[in-house]
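Remarks on the overall topology
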Amino acid sequence: MSVFSSSISTAAIVARLRAAGCVFAEDEAELLLSTAPTPAELDAMVARRVAGEPLEHVLGWAEFCGLRVYVEPGVFVPRPRTEFLIEVAVGLAREVAGTPAVLDLCCGTGAMGAAVAAALPETELHAADLDPAAVRCARRNLAGAATVHEGDLYDPLPAALRGRVDILIASPPYVPTESVGLLPPEARLHEPLHALDGGADGLDVVRRVIGGAPGWLAPGGHLLVETSERQAAATAEAVRSAGLAARVATSGDLDATAVIGTLEAR
């Protein structure tokens, strides 16, 4: 709680947030109060939230896998459901003999990579994204833990990584174009379209990730792609078409779906 919080009416902040449609107004008020350094900045932050800006952009951070991840305005906010992908990825990485090489593709803020690094400090970690603002966040969140590359998918990766990736994690955009307008205003008005819009069936970028994966995976390496339940079958078929063994993993608690492709060792 900030030092000036006793002089600020929490009830008044809650009322403003609730009137703006914030379902968890009490929780948000506490977070804003504990984050704002001055009363003036608190008022500005509340105004931004009331105007519809994502809470994470207002706070400057998001919670992911128990970590506080830096998030700039205009950058995709990591989703809680993606924590399932990390749970599966860490389990598979622990089966790797020696130091696992992990690639966080479409890394955004680098939240996924940061969570892997927190769970498995002895990891060779690379991350990549084409959005300069996201890369800026990722380099801050992954400082000292990973090499962050800026560019389109595999394009900026060093050639020395080819054929050595044990775990490739990706949360690419997978919302069908016609469904983007149905997303909550926080997402469609404040997050970059390229991080949301996955093309006609939502799988344009997903297929590109899958298609390039075999050339970068080590024998026995795994690709983990986040998708939706209704897209899981098509995603798994794309994985099989790329020459990888495919399986679908789900989490009812997090409403999360991941397709896992494995490059069989020869």
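Thresholds applied
Residue numbers run consecutively from 1 along every chain, following the written order of its sequence. Per-residue local features are limited, in this predicted model, to residues with pLDDT of at least 70; the limit for side-chain atom pairs, both in listing and counting, is 80 or more; totals at the level of whole chains, interfaces and linings are taken over all residues. Excluded from the side-chain calculations are hydrogens and water; all other atoms, namely the structure's heavy atoms, are used. UniProt positions are given in the numbering used here, feature names are shortened, and annotations may be inferred rather than shown by experiment. Counting from the N terminus, the helices are the DSSP runs of H or I reaching at least four residues and the strands are the DSSP runs of E reaching at least two. Three exposure classes are used, based on accessible area relative to the maximum for each residue type with a 1.4 Å probe and protein chains only: buried under 20%, partly exposed in between, and exposed over 50%. Angles here are taken between N-to-C directions and fall from 0 to 180 degrees, while the axes themselves are lines fitted to C-alpha atoms, restricted in helices to the stretch in contact. Angles are sorted into four bins: roughly parallel if under 35 degrees, roughly antiparallel if over 145, roughly perpendicular if 65 to 115, and oblique for all others. Note on convention: the crossing is left-handed when the near helix lies turned anticlockwise from the far helix by less than a right angle, right-handed when the turn is clockwise. Contacts are assigned to residue pairs with any non-hydrogen atoms lying within 4.5 Å of each other. An automatic or database domain assignment is the source of the domain bounds shown. The disulfide criterion used throughout: a pair of cysteine sulfur atoms within 2.5 Å. Each aromatic pair joins two rings of Phe, Tyr and Trp (for Trp, the six-membered one) with centres within 6.5 Å, and gets the label stacked for planes under 30 degrees apart, edge-to-face for over 60, and tilted for any other angle. For a lysine, the NZ atom is tested; for an arginine, the CZ atom; a charge sits over a ring if that atom is within 6 Å of the ring centre and within 35 degrees of the ring normal. Whenever a carboxyl oxygen of Asp or Glu lies within 4 Å of a side-chain nitrogen of Lys or Arg, that contact is scored as a salt bridge. Strand pairing is assigned whenever DSSP identifies at least 2 bridges connecting the two strands.

Under an unreviewed UniProt entry, the name given to the protein is peptide chain release factor N(5)-glutamine methyltransferase, and the organism recorded is Nonomuraea rubra. As stated in UniProt under Catalytic activity (unreviewed entry), the record for the protein gives "L-glutaminyl-[peptide chain release factor] + S-adenosyl-L-methionine = N(5)-methyl-L-glutaminyl-[peptide chain release factor] + S-adenosyl-L-homocysteine + H(+)".

**Examining the environment of Ala11**
You can see Ala11 is positioned in helix H1 (residues 10–19). Look at Ala11 and you get exposed, because its relative accessible area is 57%.

**Description of the packing of H1 against helix H2 (residues 25–35)**
The interhelical angle for the contact between H1 and H2, taken along N-to-C directions, is 125 degrees, at an axis separation of 9 Å. Between H1 and H2, the angle is such that the two are oblique. Judged by the twist between their axes, the crossing of H1 over H2 is right-handed. Between H1, through Thr10, Ile13, Val14, Leu17 and Arg18, and H2, the contact on the second element is made entirely by Ala25, Glu26, Glu28, Ala29, Glu30, Leu32 and Leu33.

**What about the domain arrangement of the protein?**
Along its sequence, the protein is carved into domain 1 (10–52) and domain 2 (81–263). In this structure, domain 1 and domain 2 have C-alpha centres spaced 33 Å apart.

**Side note on the state of the cysteines**
Overall, the coordinates contain 0 disulfides when judged by the stated rule. Free of any disulfide, Cys65 has its nearest neighbouring cysteine sulfur in Cys107, separated by 15 Å. Judged by its relative accessible area of 31%, Cys65 is partly exposed. With no disulfide of its own, Cys137 lies 9.6 Å from the sulfur of Cys107, the closest cysteine sulfur. The class of Cys137 is buried, set by a relative accessible area of 0%.

**Examining the UniProt feature "domain: Methyltransferase small" (unreviewed entry) in the protein**
Sequence positions flagged by UniProt for "domain: Methyltransferase small" (unreviewed entry) are, in local numbering, residues 100–175. Strand forms 28% of residues 100–175 and helix 25%; the C-alpha atoms that close the span are 31 Å apart.

**Some remarks on the packing of aromatic side chains**
Applying the stated criterion to the full structure yields 1 aromatic pair. Between the aromatic rings of Tyr154 and Trp216, the centroid separation amounts to 5.9 Å while the plane-to-plane angle is 10 degrees, which identifies the pairing as stacked. Of the two residues, Tyr154 is situated in the loop between strand S5 (147–150) and strand S6 (165–170) and Trp216 in the loop between helix H9 (204–212) and strand S7 (217–227); the sequence distance between them amounts to 62 residues. For the residue pair Tyr154 and Trp216, the accessibility class agrees, reading buried in each case. Over the ring of Tyr70 we find Arg140, and its NZ or CZ is 3.7 Å from the ring centre.

**Some thoughts on the pattern of salt bridges**
Here the idea is simple: oppositely charged side chains can pair when their charged atoms come close. Scanning the entire structure with this criterion turns up 11 salt bridges. Linking Arg49 and Glu186 is a salt bridge whose minimum nitrogen-to-oxygen distance equals 2.5 Å. Within this pair, whereas Arg49 is found in helix H3 (residues 39–50), its partner Glu186 is found in helix H8 (residues 185–190), the two being separated by 137 residues in sequence. What makes Arg49 buried here is its relative accessible area of 7%. For Arg164, the salt bridge is made with Glu124, and the minimal N-O distance between the two is 2.8 Å. Of this pair, Arg164 sits in the loop between S5 and S6 while Glu124 sits in strand S4 (residues 124–129), and the two are 40 residues apart along the sequence. Through salt bridges that share partners, Glu28, Arg49 and Glu186 make up one connected network.

**Focus: the pairing of strand S8 (residues 245–251)**
Summarising the sheet, S8 and strand S9 (residues 256–262) pair through 7 bridges and their orientation is antiparallel. Counterpart to Arg247 in the pairing with S9 is Ile260. Two successive antiparallel strands, S8 and S9, enclose a turn made up of 4 residues, where Asp255 displays a positive phi of approximately 50 degrees.

**Re unusual backbone geometry**
The residue Cys106 is not glycine, and still its phi comes out positive at about 55 degrees. You can see Cys106 is positioned in the loop between strand S3 (101–105) and helix H6 (111–119). In this structure Cys106 comes out as buried when scored by relative accessible area, which is 19%. In this structure, Asp255 takes a positive phi of about 50 degrees despite not being glycine. Here Asp255 lies in the loop between S8 and S9.

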